[in-house]
Amino acid sequence: MTGTAVRIAVIGAAGRMGRMLVETIHHDSGAELVAVVDRPGSDCVGMDAGELAGIGVVGLPVTDDPAPAVADADVAIDFTLPEATPAVAAACRAAGCALVLGTTGLGAREQRAVEHLSEAVPVVQAANYSTGVTLLTALVEQAARVLGHSVDVEIIEAHHRHKVDAPSGTALQLGETVARASGRDLAQCAIYGREGHTGPRARQTIGFSTIRAGDIVGEHTVLFAGEGERVELTHRASSRTTFAVGAVRAAHWVAAGRAPGLYDMRDVLGIGR
Ligand code: NAD
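Position numbers for residues start from 1 in each chain and track the written sequence from start to end. Note on the predicted model: pLDDT of at least 70 is required for a residue's local features to be given, and 80 or more for side-chain atom pairs to be given and counted; whole-chain, interface and lining totals, by contrast, use all residues. Hydrogen atoms and water are omitted, and side-chain values are computed over all heavy atoms in the structure.

**Points about the pairing of strand 1 (residues 6-11)**
Then, in step 1: Throughout this description, buried means an accessible area under 20% of the type-specific maximum (1.4 Å probe, protein chains only), exposed means over 50%, and partly exposed covers the range between. Helix and strand assignments come from DSSP, with helices taken as H or I runs of at least 4 residues and strands as E runs of at least 2, each series counted from the N terminus. Judged by how many residues are buried, strand 1 sits mostly within the fold: five of six residues are covered.
Then, in step 2: Following DSSP output, two strands are said to pair if at least two bridges run between them. Pairing analysis gives six bridges linking strand 1 to strand 2 (residues 31-37), with the strands arranged parallel. Paired with Ala-9 across the two strands is Ala-35, which belongs to strand 2.
Then, in step 3: Clockwise travel from the first strand over the helix to the second, with the strands pointing away from the viewer, marks a crossover as right-handed. Each parallel crossover has a hand, and the one from strand 1 via helix 1 (residues 16-26) to strand 2 is right-handed.
Then, in step 4: Here strand 1 pairs with strand 3 (residues 75-78) via four bridges, running parallel. Within the sheet, the bridge partner assigned to Ile-11 lies in strand 3 and is Asp-78.

**Observations concerning the sheet that holds strand 9 (residues 218-225)**
Then, in step 1: Strand order in this open sheet of five strands is 7-8-6-9-10, and the pairing throughout is mixed. Looking at the sheet topology across the chains shown, the edges are occupied by strand 7 (190-192) and strand 10 (230-237). Recorded for the sheet is a direction-independent mean angle of 15° between the axes of neighbouring strands.
Then, in step 2: Packed on one face of the sheet, helix 6 (residues 131-147) meets strand 9 and strand 10 and runs near 170° to strand 10. Each axis is a line fitted through C-alpha atoms, taken for helices only over the stretch in contact, and angles between the N-to-C directions span 0 to 180 degrees. In this analysis, two residues are considered to be in contact whenever any of their non-hydrogen atoms come within 4.5 Å of each other.

**Focus on the packing of aromatic side chains**
Then, in step 1: What counts as a ring pair is set by centres within 6.5 Å for rings of Phe, Tyr and Trp (its six-membered ring), and what kind of pair is set by the plane angle: stacked under 30 degrees, edge-to-face over 60, tilted for all other angles. Enumeration over the complete set of coordinates arrives at three aromatic pairs.
Then, in step 2: Look at Phe-79 and Tyr-129: their rings are 5.8 Å apart centre to centre, the planes differ by 50°, and that puts the pair in the tilted class. Here the residue Phe-79 occupies a position in the loop between strand 3 and helix 4 (85-95), and Tyr-129 occupies one in the loop between strand 5 (122-125) and helix 6, the gap between them amounting to 50 residues. In this structure, Phe-79 and Tyr-129 share a single accessibility class: buried.
Then, in step 3: Either the NZ atom of lysine or the CZ atom of arginine qualifies as a charge over a ring when it sits within 6 Å of the ring centre and within 35 degrees of the ring normal. The positively charged end of Arg-258 is found above the aromatic ring belonging to Trp-253, 3.9 Å away from the centroid.

**Some remarks on the sheet that holds strand 5**
Then, in step 1: Overall, parallel pairing links the six strands, which are arranged 2-1-3-4-5-11 in an open sheet. What marks the edges here is a single partner per strand, and that holds for strand 2 and strand 11 (261-263). Strand after strand, the sheet turns through a mean of 20° between neighbouring axes, direction not considered.
Then, in step 2: Note: strand 5 against strand 11, three bridges, orientation parallel.

**Some details on the domain arrangement of the protein**
Then, in step 1: Annotation comment: domain bounds sourced from an automatic or database domain assignment. Taken domain by domain, the protein holds domain 1 (6-125 + 240-269) and domain 2 (131-237).
Then, in step 2: Counting residues at the interface gives eleven residues for domain 1, matched by 13 residues for domain 2.
Then, in step 3: Interface area, domain 1 with domain 2, both sides summed: about 960 Å², of which 57% is carbon and sulfur.
Then, in step 4: A salt bridge links Arg-266 to Glu-141, with the nearest nitrogen and oxygen atoms 3.3 Å apart.
Then, in step 5: Within 3.5 Å is the distance limit for a polar contact, defined as a pair of N or O atoms, with the added protein rule that one can donate a hydrogen and the other accept it, and that residues adjacent in sequence qualify only through two side-chain atoms. At the boundary of domain 1 and domain 2, one finds two residue pairs in polar contact (both at pLDDT 80 or more).
Then, in step 6: Those elements that place two or more of their residues in the side of domain 1 that touches domain 2 are helix 9 (241-255) and helix 10 (265-269). The quantity reported as buried area is the accessible area (1.4 Å probe) lost by two parts once they are put together, taken as the sum for both. Throughout this description, the term salt bridge denotes a Lys or Arg side-chain nitrogen within 4 Å of a carboxyl oxygen of Asp or Glu.

**Some words on unusual backbone geometry**
Then, in step 1: Here the bond from Ala-166 into Pro-167 is cis, since omega is -10°, no more than 30 degrees from zero.
Then, in step 2: Along the chain, Pro-167 falls in the loop between strand 6 (152-159) and helix 7 (169-181).

Shown next, in the form of structure tokens:
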């Protein structure tokens with residue numbers, strides 16, 4: 001560790017992403033893991049975060065209260081459940097701690113808590129922290145501008161069997177990107193699955209298809225299908241490392257004197273709009 005290392009608290013440290021984050025921070029000489037939190041009542045509370053992550057004892061037991069954890073940190077990284085978001089946001093606001101939020105499936109109340117926090121501290125919120133998906137989003141935006149209303153747009157995503165929200169936050173973000181770039185309102189034009197006598201497809205709709213199976217880390221395809229040709233833009237994640245590395249990169253970015261505000265991974269990577 002150096003004296004200038006970014007001090008990071010991981011919320012959801014016992015989860016799939018949390019363990020990956022603990023490992024990634026442990027191997028980052030510019031970052032220091034200062035606290036690890038999971039849900040009250042979890043069997044993992046009290047266990048060593050390093051042992052949970054499979055990297056050996058690091059001397060940090062998992063606690064169950066975000067408030068003291070973030071008080072000691074420059075940045076909190078939260079990959080948990082939407083239910084956790086308001087309490088984490090309130091703790092960050094009280095402590096003046098920046099937030100890198102990876103949790104997906106937020107409802108309106110949780111999203112408001114994030115926006116309220118971003119008035120006081122810098123917050124990065126991304127449905128997908130991988131560099132590849134951030135680039136995919138920019139490419140999808142360009143494709144939607146060019147092809148716009150002359151093609152049918154379908155978004156297909158696949159994830160592991162444990163994922164609890166659908167469509168994925170990334171698929172929804174890609175849908176928002178297509179809708180914005182082609183002057184549509186996703187709430188009005190999204191079709192979440194089809195069954196029975198659906199009638200012919202209306203061009204302005206954006207269709208979503210969801211696959212949940214096995215250990216698929218995360219796959220997204222945006223299909224632009226016209227008459228006589230189609231463009232398919234696909235990203236496949238083969239390891240959660242990509243999300244953890246991206247989130248830690250966002251933590252470094254947000255800790256580097258960023259003004260309060262709500263940012264995303266395109267801001268972090270400097271991919272213009
Ligand atoms: P997981 O179920 O393996 O882990 C979630 C962890 O959060 C668990 O250990 C759980 O006990 C803990 N938790 C639940 N409620 C909590 C609370 N109130 N306080 C503290 N901890 C709490 O799930 P996962 O696969 O690690 O995914 C976590 C979230 O991250 C999901 O929303 C998922 O969609 C999202 N995710 C985002 C990205 C991205 O790049 N943005 C990538 C992967 C996963």
